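Each chain is listed here by its residues.
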Amino acid sequence: AELGVVILLFTVGLEVRLDDLLKVGPMAIAVGFIGFVLPIIAGVVIGLAMGEEALAAALIGLALAATSIGITSRVLAEMGMLDRAFARVILGAAIVDDILALLAIGVLSGLAEGDLGVDTILTLVAGVAFVGIGLALAPFGRRLPRRLFVWPRFADTPVVPVFIIMFAGALLAQFVGLAAIIGAFVVGLFIAETPVREEVEHGFRSLLGIFAPFFFAVTGANIDMSALLQPDLLIIVLVLAVMGVLTKLIGGIIGSWRLGKWNSIVVGLGMSPRGEVGIVVSALGLSLALISQEIYAVLLAAVILTTLVAPVMLQWAIPKAPRDERHPEEAEGTA
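Residues numbered from 1 in each chain as written. Predicted model: local features only at pLDDT ≥ 70, side-chain atom pairs only at ≥ 80, totals over all residues. Heavy atoms only, no water.

Undergrad: Before we move on, can you summarise the overall build of the protein with the specific residues and values?
TA: Scanning the protein from N- to C-terminus turns up 14 helices and 0 strands. For the protein, the succession of helices and strands along the chain, N to C, is α-α-α-α-α-α-α-α-α-α-α-α-α-α. When burial is assessed residue by residue, the protein has 53% of its 335 residues classed as buried. Contacts in the protein between residues at least 24 apart in sequence constitute 82% of all its contacts with a sequence separation of at least 6. (Helix = DSSP H or I, 4+ residues; strand = E, 2+ residues; numbered from the N terminus. Buried < 20%, exposed > 50% of the residue type's maximum accessible area, 1.4 Å probe, protein only. Contact = heavy atoms within 4.5 Å.)

Undergrad: Can you break down the pattern of salt bridges residue by residue, with the values?
TA: By the definition in use, this model includes 2 salt bridges. Across the pair Asp-97 and Lys-248 runs a salt bridge, and its minimum N-O distance is 2.4 Å. With Asp-97 in helix 5 (residues 85–112) and Lys-248 in helix 10 (residues 231–255), the pair connects residues that are 151 residues apart, well separated along the chain. A single burial state applies to Asp-97 and to Lys-248, both of which are buried. With a closest N to O distance of 3.9 Å, Arg-197 and Glu-201 form a salt bridge. On the criterion of helical spacing, the pair formed by Arg-197 and Glu-201 is a turn pair, its members being 4 residues apart in helix 9 (residues 197–221). (Salt bridge = Lys/Arg side-chain N within 4 Å of Asp/Glu carboxyl O.)

Undergrad: Report on a nonpolar patch on the surface, specifying residues and quantitative values.
TA: Residues Ile-133, Leu-137 and Phe-140 make up a contiguous nonpolar surface patch of about 290 Å² in total accessible area. Structurally, the position occupied by Ile-133 is in helix 6 (residues 118–137). (Patch = residues over 30% accessible without salt bridge, like charges linked within 9 Å, V, L, I, M, F, W, Y side chains within 5 Å. Areas by Shrake-Rupley, 256 points an atom, 1.4 Å probe, with all protein chains shown as cover.)

Undergrad: Report on the environment of Ala-321, specifying residues and quantitative values.
TA: Mapped onto the elements, Ala-321 comes out in the loop between helix 13 (293–317) and helix 14 (328–334). Residue classification places Ala-321 among the buried positions, given a relative accessible area of 6%.

Undergrad: Hey, could you go over the packing of helix 1 (residues 2–14) against helix 7 (residues 159–175) for me, with residue numbers and the actual values?
TA: Running from amino to carboxyl end, helix 1 crosses helix 7 at an angle of 105 degrees, the nearest separation of the two axes being 11 Å. Viewed along their axes, helix 1 and helix 7 adopt a mutual orientation that is roughly perpendicular. Of helix 7, the residues touching helix 1 (which contributes Leu-3, Val-6, Ile-7 and Phe-10) are Val-162, Phe-163, Met-166, Phe-167 and Ala-170. Residues that form the contact of helix 1 with helix 7 fall into these classes: 9 nonpolar, no polar and no charged. (Axes fitted to C-alpha atoms, helices over the stretch in contact; angles between N-to-C directions. Parallel < 35°, antiparallel > 145°, perpendicular 65-115°, else oblique. Nonpolar A, V, L, I, M, F, W, Y, C, P; charged D, E, K, R; others polar.)

Undergrad: Which residues make up the packing of aromatic side chains, and what values go with them?
TA: Evaluation of the coordinates by the stated rule reveals 4 aromatic pairs. Ring geometry for Phe-163 and Phe-167: centres 4.8 Å apart, planes at 70 degrees, overall edge-to-face. Within this pair, Phe-163 and its partner Phe-167 are both found in helix 7, separated by 4 residues, close to a single helical turn. With a relative accessible area of 26%, Phe-163 lands in the partly exposed category. Three or more aromatic residues joined by ring pairs form one cluster here, namely Phe-10, Phe-163, Phe-167 and Phe-204. Across the ring face of Trp-262, the terminal group of Lys-320 is positioned such that the distance to the ring centre comes to 5.6 Å. (Phe/Tyr/Trp six-rings, centres within 6.5 Å; stacked < 30°, edge-to-face > 60°. Lys NZ or Arg CZ within 6 Å of the ring centre and 35° of its normal.)

Undergrad: Lay out the nonpolar core with the relevant residues and their values.
TA: Ranked by internal contacts, the top residues of the largest apolar core, which has 51 residues, are Leu-9, Leu-240 and Leu-299. If you tally residues by element for this core, the top one is helix 13, at 8 residues. With residues up to four places along the chain from it excluded, the contact list for Leu-240 reads Ile-46, Ile-60, Leu-64, Val-298, Leu-299 and Ala-302. (Core = buried A, V, L, I, M, F, W, Y, C linked by side-chain atoms within 4.5 Å.)

Undergrad: I'd love a proper account of helix 8 (residues 180–191), names of residues and values included.
TA: Here helix 8 is 12 residues long and its end C-alpha atoms lie 17 Å apart, about the 16 Å a rise of 1.5 Å per residue gives. Burial within helix 8 is extensive, with 11 of its 12 residues counted as buried. What helix 8 keeps buried is the set Ala-180, Ile-181, Ile-182, Gly-183, Ala-184, Phe-185, Val-186, Val-187, Gly-188, Leu-189 and Ile-191. (Expected span 1.5 Å × (residues − 1).)

Undergrad: Explain the side chain of Asn-263 to me, using residue names and the numbers behind them.
TA: One can find Asn-263 in helix 11 (residues 261–270). Residue class for Asn-263 comes out buried when judged on its relative accessible area of 1%. At 3.4 Å, the side chain of Asn-263 forms a polar contact with the backbone oxygen of Leu-259. (Polar contact = N/O pair within 3.5 Å; in protein donor to acceptor, adjacent residues only side chain to side chain.)

Structure below.
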């Protein structure tokens, strides 16, 4: 299961392209940041109202904060909408969300282990440095020849060396006090810019299919289904799911209003599906004993619910969005 989540977050980083992130610029950053902060505030308020401790309430908010890059991109691709301006903003903002979530995971882990002072600050600095170094070094990956990734000779494909590099990044992240998944994610950012990206993506598709199900199976096995039979917990699931969608919708509308009413609504709805990162955060909270089995089951149910309803809402909203909207760069320049 632990191998599976490392590979999962590596492939998430592999889907991130630096150019795509830079093209959408301030609009995607605004959507991502607002859509990250609002769910955390809502989650903290709900968690404290439930009588949870501050760290547990923060974890509830964090589980609702990160948009799933994989799920969002697949939905837009299946609808043939990846060429639309709102799609570029959604994907860019989802990247910002995931980066912020991974940094927050590192900080939350440090707080949960009792490092409330300098160590917590160092954890945050290390997390920012990790992601910053990954983004800064990513362009240099384009200059690396393919032969560098098939050396030594036992490696017939770049998958084997990249596999080793991925785990080296995960171990290094853990060594400096971060979650191992942050190191795997950063290595994915770098490999995404190299000439072996497509080969690695193809090779890791099989590895992901083998190992990731173990993570999801263990995650599911830890759910106490009887907890969801309690009416009060079912109400909390619905409240968390509704607030999860609503806060993302508000963030999308505020951050991308210059694209027009319906296009900004589509951006907000496109940010709604949670997925792998939300599940990772929930599992982390359970492993650190921050949340109970009941809250863990509630969080997973809310995450899954937002993922299921998002495609339906997008199919309703996208036809209402005009095709003559300006691109994000034009909207930024004329605002």
